[in-house]
Amino acid sequence: MASNTPTSNTPTSNTPIKALGAGHGIIDVHSHALLPLWLDAASKAMNIARDNLQIAGTPVPEWSVDIHLAMMDANGIAACVLSWPPATSFLKGKPARDLARAMNEAFAEIVARHPTRFGAFAVLPLDDMDASIEEMNYALDVLKLDGVSSSTHVAGAYLGDPRFDSWFAEMNLRGATLFVHPIPSLNAGQVDMGINVSILEFMFDSTRMATNMVLSGAKKRFAEVRLICTHGGGTIPYLASRISILEPLFGAGPNRPTLSGEEVLAGLSTFYFDLTASTAPASLDAIRHLAPPSRLMLGFDFPMMPASTIPGAFKNFEDYNYSAGDRYDIAQGTALKLLPTLAARLK
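So, here's what we can say about the structure. For clarity, every value in this text was computed on a predicted model and none was experimentally measured.

In terms of burial, strand E9 (residues 177-181) is largely enclosed, as five of its five residues are buried. Here E9 shows a buried face lined by Thr177, Phe179 and His181 and a second buried face lined by Leu178 and Val180. Bridge count between strand E6 (residues 147-151) and E9: four bridges; the pairing is parallel. Bridging across to E9, Ser150 finds its partner in Val180. Of the strand pairs in this sheet, E9 and strand E10 (residues 226-229) are connected by four bridges, and their pairing is parallel. Each residue of the ladder has a partner; that of Val180, found in E10, is Cys229.

Set out below in structure tokens:
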């Protein structure tokens, strides 16, 4: 079983932020790649002209490797970890497997061309757990990608559901890093009030996933999986105390043992959190009561969030009263621990 304990070569929390590659030390773990092959597959599957495609209710932003690199250089970002977690959600069976394989090989090609600038989280065909395990092993062992990715739920089944146990067991044995990104819930259209899903629903879906992982017992059973909960954990930092108070009164759900409040808080504190759109003081104040800075990382959600949002988000982070060691962990150190293949390329 893999250990999360840093090796003697791992920088300590007192190590200053230093320049890496062409950047100034920031490792962005929440960064997307809108690969042309995925846009073509989505256009075909949805029978929508590529120019008319939308993502989360908005037009597809312009993206290329060169555009991404220019954004990184302009903002002092040393490396971005590319992902597109729900890539195969509109497919099943062989088409889903083929798309995941093609995307992962495309990711590997980008990393090979720019080894100190990019990492990647593998796409998995999550309609099929055996196929997901097979693709994960190929992506990590052959392509040498940095981890795997998933949406918060698959066709309404949230991570923590027993149907995912075989996949989580394999990740647990590997000590794999899993990047989990929200998607709209199946009934999001009934409650959206005309508001884009990115504003509220994504936050609530991350909250559902994290809560289900803890209350189902999956987070504890698969403790070696280094799970990154995006967007600052959704509303988890604010609601953690409420969940810990009410779950012992109302239970954890059918056929699940009721946890103590202490067990709930302990479980919720074991996630890693990226701080995409979550570096405002109120957000960081809430997060610091749940998880230590060594569990936090930076992310800017480019290109789904425009590059113009990055300087303000980073300034909020710089202005917050973190120690030098905490600042190092969040900007660089924790990502280097979770992503050893990327760390090796950056040496």
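Looking now at the pairing of strand E1 (residues 26-32). Extensive coverage of E1 is indicated by the burial of seven of its seven residues. When E1 meets strand E4 (residues 77-83), the two strands line up parallel, connected through five bridges. Within the sheet, the bridge partner assigned to Asp28 lies in E4 and is Cys80.

If you walk across this open sheet you meet the eight strands as E1-E4-E5-E6-E9-E10-E11-E12, and the pairing is parallel. The outermost strands of the open sheet, each flanked by one partner alone, are E1 and strand E12 (296-297). Across the sheet, helix H3 (residues 93-113) touches E4 and strand E5 (118-122), and the angle it forms with E5 is around 165°.

Reading guide: rules and limits
- Residues numbered from 1 in each chain as written.
- Predicted model: local features only at pLDDT ≥ 70, side-chain atom pairs only at ≥ 80, totals over all residues.
- Heavy atoms only, no water.
- Buried < 20%, exposed > 50% of the residue type's maximum accessible area, 1.4 Å probe, protein only.
- Helix = DSSP H or I, 4+ residues; strand = E, 2+ residues; numbered from the N terminus.
- Pairing = 2+ DSSP bridges.
- Contact = heavy atoms within 4.5 Å.
- Axes fitted to C-alpha atoms, helices over the stretch in contact; angles between N-to-C directions.

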